[in-house]
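Per-entry structural report
Now for the letters of each chain:
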Amino acid sequence: MPPIKFLVAAVVIIGMLCWGTGCTTGGTGHEQTVLKVLPAGSLLQPFEEVEKAFEAEHPDVDVQVEGHGSIQVIRQVTDLHRPVDVVAVADASLIPDLMFRTDPATGTNFTDSYTPFARNAMVIAYTNKSRYANEITSENWGAVLSRPDVRVGISNPMLDAAGYRSIMVTLLADRYYANSTLFTDLIGRHFTPPLVAEDVDGVATVRLPEVLHPSDEKLVIRDGSIFVLSHLEAGGIDYAFEYRSVAEGHDLRWIDLPPAIDLSSQNPAEGYGKVKVVLGFQRFSAIGQDRIGQPIVYAVTIPNTAPNRDLASEFADLVVKESESGGKGWPATLGG
Amino acid sequence: MIRAAIPVCILLVLSCWCAGCAGTAPASPPVTTPADDFSSWRLTVNGSTVTEYTLEQIQKLPATAGNGFAVSTVGIKYGPYICTGVLLTDLLAPSGGISEGEQAWISAPDGYLWVFDHDQVQGNGFITFNESLKEIPSPPLRILLMYEQDGKPLSYNDGGPIRVAIISDEKGVVTEGSAWVKWVDKIEIKKA
């Protein structure tokens, strides 16, 4: 081989070797730090905004957002031991319950603190195509949803906090409205055998079966909110129990519910704790089957094993700041 | 000239190294997982009788292959894969099978559990989507205990040595990922 050709070949081969060993730079000319952020599914849309804003401020950082259900988000750290920088959940109580405990690998807690930053409310989401869309109001929503030709959707309570919160809304409605049988009409009687709400020491308690297959077409259950909403937008169902921020983010119409029902109030006097859903089985060994009614509060934390703590802290601060500014798809700020 | 090229090559390698292209820690540490040595792994099938399997024993059972494609609760798709393994119904048969009114509880050492009713064990009652995640009528499905994905042994990171896969003879059929239990080590038959 002529010497000059040898030199060119050597340069090309070494260049390819470098590229093949992970030297891609994403077009920035230098290696980027990956910031792994795991939010609950209902935060995915607003977190896209935070990701863009953060990357604009930090061109050297590639924010990678990966959504899961809230419990699965935490499990990525506690059970699957993945290196995660930021965790954000739709149920703040899960953090002390699941992460304020010792990580056997490090001898320290998975985390020691968290920042509640937003709240949300359950609403009845619908579209212009929904049956009786022009009739439904905050006053008659129960009667409209109970009509035999109306189909209703919830996400799977085994998998999604919005799912068991949907059931809680019907139980709270039965406490709030006189002569209400919404839990039975919308959920209970659409299983074989029917699900019943038992009074256990003053708490309306529903025990779910292991496999959640409704026995008729009135009630539709899907694994995650996105599939329920897809069904709603396609006209397969008429109404869905959903978070207000998600309904807004999907440009849906929605009916607001009274604070005594919608799980948005921080006032203990609302009595959310008077309803309980017992899941059909213990899907995760780390957390029990009981879900007791409480306000919907979002929280963010940085695991003690986060690879990039300083950046993670900056990202969490930006989440809180952006949340305070609000915007489409954001849950309401805690102070608002 | 060749001698002149050697220092050039050394300089190139060094510059790559200095630029973080070799030997430096990756931006995000890799997931720490046990090596893919499954020799101590055992699968317990607890039906009317209790049977324990090694991976080698599982691999000697009649194998089935099919198309598997899963989606997470937030819409992340995993696949499509060619899944190879043992049908759940075949695996349950030596332990007494599953009858009407019974359920298969499938769990893993990471603490995850999923429950299938009798109908699902027969391949019925699953929600299915096309590749655009639009719901479609379910074609015939089967539950597989997968040990090979796309012709390669299932790695630990992918849920190996054994994970649940919901398979179809058709391509592009997506099923809900909650049922795709990773790292399966126990199957129990229980009354509903």
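Within each chain, residues carry numbers counting from 1 in the order of the written sequence. Labels follow written order: the first chain is A, the first ligand is 1, and so on. Reporting in this predicted model follows two pLDDT cut-offs: at least 70 for local features of residues, and 80 or more for side-chain atom pairs to be given and counted; totals over whole chains, interfaces and linings ignore these cut-offs and use all residues. For the side-chain quantities, the full set of heavy atoms in the structure was used; hydrogens and water were omitted.

**Section: the overall build of chain A**
Heads up, the rule is: Segments assigned H or I by DSSP are reported as helices when at least four residues long, segments assigned E as strands when at least two residues long, and all are numbered from the N terminus. The rule is simple: take the accessible area with a 1.4 Å probe, protein chains only, and divide by the maximum for that residue type; under 20% is buried, over 50% is exposed, in between is partly exposed. Working rule for contacts: check all heavy atoms of both residues, and any pair within 4.5 Å makes them a contact.
Within chain A one finds 11 helices and 15 strands. Seen through its C-alpha atoms, chain A measures out along the principal axes to roughly 90 × 45 × 40 Å. For chain A, buried positions account for 54% of its 336 residues. Taking contacts inside chain A between residues at least 6 apart in sequence as the whole, the part at least 24 apart equals 71%.

**Describing the overall build of chain B**
Applicable threshold: Residue-level accessible areas treat just the shown protein chains as cover; the underlying method is Shrake-Rupley with a 1.4 Å probe.
Helix and strand counts for chain B come out as four helices and 13 strands. The buried share among the 192 residues of chain B stands at 47%. Here the contacts in chain B between residues at least 6 apart in sequence split such that 60% fall between residues at least 24 apart. Total accessible area on chain B stands at roughly 9300 Å², and carbon and sulfur atoms take up 56% of it.

**Description of the pairing of strand S8 (residues 203–207) of chain A**
Residues and elements named next belong to chain A. We apply this condition: The criterion for strand pairing is that DSSP finds at least two bridges linking the strands in question.
Where burial is concerned, most of S8 is hidden: four out of the five residues are buried. Pairing geometry for strand S7 (residues 197–200) and S8, over four bridges, is antiparallel. Of the residues in S8, the one forming a bridge with Glu 198 is Thr 205. The turn linking S7 back onto S8 is made up of two residues, and Asp 201 within it adopts a positive phi angle of 50 degrees. Here four bridges tie S8 to strand S12 (residues 275–278), and the two strands are oriented parallel to one another. Directly across from Val 206, in S12, lies its bridge partner Val 277.

**Re empty space enclosed by the protein**
Residues and elements named next belong to chain A. Where we set the bar: Cavity and pocket criteria rest on a 1 Å grid covering protein atoms alone: a 1.4 Å probe that fits but cannot get out defines a cavity, protein on both sides within 12 Å along at least 5 of 7 lines defines an open pocket, and an atom within 4 Å of a point defines a lining residue. Grid points are joined across faces, edges and corners, and a volume is the space filled by probe spheres set on the points. Side-chain classes are defined by residue name, with Ala, Val, Leu, Ile, Met, Phe, Trp, Tyr, Cys and Pro counting as nonpolar, Asp, Glu, Lys and Arg as charged, and the others, Gly among them, as polar. Delimitation of the domains relies on an automatic or database domain assignment.
Counted under the stated rule, the structure contains one cavity of 30 Å³ or more. Considered as a void within the structure, the largest cavity measures approximately 30 Å³ in volume. Forming the walls of the largest cavity are Ile 71, Ile 74, Arg 75, Thr 78, Asp 79, Leu 98, Arg 101, Phe 284, Ala 286 and Ile 287. For the lining of the largest cavity, the element with the highest residue contribution is helix H3 (residues 70–78), accounting for four residues. For the lining of the largest cavity, the per-class residue count stands at six nonpolar, one polar and three charged. Here the lining of the largest cavity gathers at least three residues from each of two domains, domain 1 (27–119 + 297–333) and domain 2 (122–292).

**Details of the pattern of salt bridges**
Residue and element names in this part refer to chain A. Which entries qualify depends on this criterion: Put simply, a salt bridge is a Lys or Arg side-chain nitrogen that is within 4 Å of an Asp or Glu carboxyl oxygen.
Scanning the model with the defined rule gives 14 salt bridges over all chains in all. Asp 185 is the salt-bridge partner of Arg 189, the closest N and O atoms lying 3.1 Å from each other. Taking the shortest distance from any N to any O, the salt bridge between Asp 256 and Arg 244 comes out at 3.0 Å. Remark: Arg 244 occurs in helix H9 (residues 244–249) and Asp 256 occurs in the loop between strand S11 (253–255) and helix H10 (259–262); sequence separation between them is 12 residues.

**Examining the packing of aromatic side chains**
In plain terms, the rule: Classification of ring pairs rests on two measures: the distance between centres of Phe, Tyr or Trp rings, Trp counted by its six-membered ring, which must be within 6.5 Å, and the angle between planes, read as stacked under 30 degrees, edge-to-face over 60 and tilted in between. Here, a charge over a ring is recorded when the distance from Lys NZ or Arg CZ to the ring centre is within 6 Å and its angle to the ring normal is within 35 degrees.
If you walk through the whole model with that rule in mind, you get 15 aromatic pairs over all chains. Between Phe 54 of chain A and Phe 315 of chain A, the aromatic rings sit 5.3 Å apart at their centres with planes inclined by 65 degrees, giving edge-to-face as the arrangement. You can see Phe 54 of chain A sitting in helix H2 (residues 44–57) and its partner Phe 315 of chain A sitting in helix H11 (residues 309–325), a full 261 residues away along the chain. Phe 315 of chain A matches Phe 54 of chain A in its accessibility class, with the two residues each being buried. A centroid spacing of 6.0 Å and a plane angle of 55 degrees characterise the contact between Phe 100 of chain A and Tyr 114 of chain A, whose relative ring orientation is tilted. Taken together, the positions of Phe 100 of chain A in the loop between helix H4 (94–99) and strand S4 (115–119) and Tyr 114 of chain A in the loop between H4 and S4 put the pair 14 residues apart, joining distant regions of the chain. Counting every residue linked through ring pairs, the aromatic cluster contains Phe 47, Phe 54, Phe 315 and Trp 330 of chain A. The ring centre of Tyr 132 of chain A lies 4.3 Å from the NZ or CZ of Arg 147 of chain A, which sits over that ring. Taking NZ or CZ as reference, Lys 190 of chain B lies 4.2 Å from the ring centre of Trp 105 of chain B, over its face.

**Regarding the packing of H2 of chain A against H11 of chain A**
Residue and element names in this part refer to chain A. Threshold: The axes used here are C-alpha line fits, helices contributing only the stretch in contact, and every angle between their N-to-C directions lies in the interval 0 to 180 degrees. Angle categories are assigned with fixed cut-offs, so that under 35 degrees is roughly parallel, over 145 is roughly antiparallel, 65 to 115 is roughly perpendicular, and the rest are oblique. Note on convention: the crossing is left-handed when the near helix lies turned anticlockwise from the far helix by less than a right angle, right-handed when the turn is clockwise.
Between H2 and H11, the shortest axis-to-axis distance is 10 Å and the interhelical angle comes to 125 degrees. Relative to H11, the element H2 is oriented oblique. As for the relative orientation of H2 and H11, their crossing is right-handed in sense. Here H2 contributes Phe 47, Glu 49, Val 50, Glu 51, Ala 53 and Phe 54 to the contact with H11, which in turn contributes Leu 311, Glu 314, Phe 315, Leu 318, Val 319 and Glu 322. Residue classes in the contact of H2 with H11 are distributed as eight nonpolar, no polar and four charged.

**Re the domain arrangement of chain A**
Interfaces are often sized by the accessible area lost when the parts come together. All names here are of chain A. The cut-off we apply is this: The quantity reported as buried area is the accessible area (1.4 Å probe) lost by two parts once they are put together, taken as the sum for both.
Along its sequence, chain A is organised into domain 1 (27–119 + 297–333) and domain 2 (122–292). Relative to domain 2, the C-alpha centre of domain 1 lies at a distance of 28 Å. The partner domain 2 presents 17 residues to the 20 residues of domain 1 that form the contact. Taking both partners together, domain 1 and domain 2 bury about 1400 Å²; carbon and sulfur atoms supply 56% of that area. If you sort the residues of domain 1 by the area they bury against domain 2, Ile 71, Arg 119 and Lys 328 come out on top, with a joint share of 29%. Our count for the domain 1 to domain 2 interface comes out at two salt bridges. For the salt bridge of Asp 91 with Arg 165, the shortest nitrogen-to-oxygen distance reads 4.0 Å. For the side of domain 1 that touches domain 2, the secondary structure elements donating two or more residues are H3, H4 and strand S14 (297–301).

**Quick word on the pairing of strand S3 (residues 64–71) of chain B**
Residue and element names in this part refer to chain B. Buried residues dominate S3, accounting for seven of its eight residues. The antiparallel hairpin formed by S3 and strand S4 (residues 77–87) contains five residues in its connecting segment, where Gly 75 sits at a positive phi of about 95 degrees. Alignment of S3 against strand S11 (residues 163–168), held across two bridges, turns out to be antiparallel. Among the inter-strand pairings, Gly 68 is bridged to a residue of S11, identified as Ile 167. Taken together, the two bridges between S3 and strand S12 (residues 174–176) define a ladder with parallel strand orientation. Pairing of Ala 70 across the sheet is with Thr 175, part of S12.

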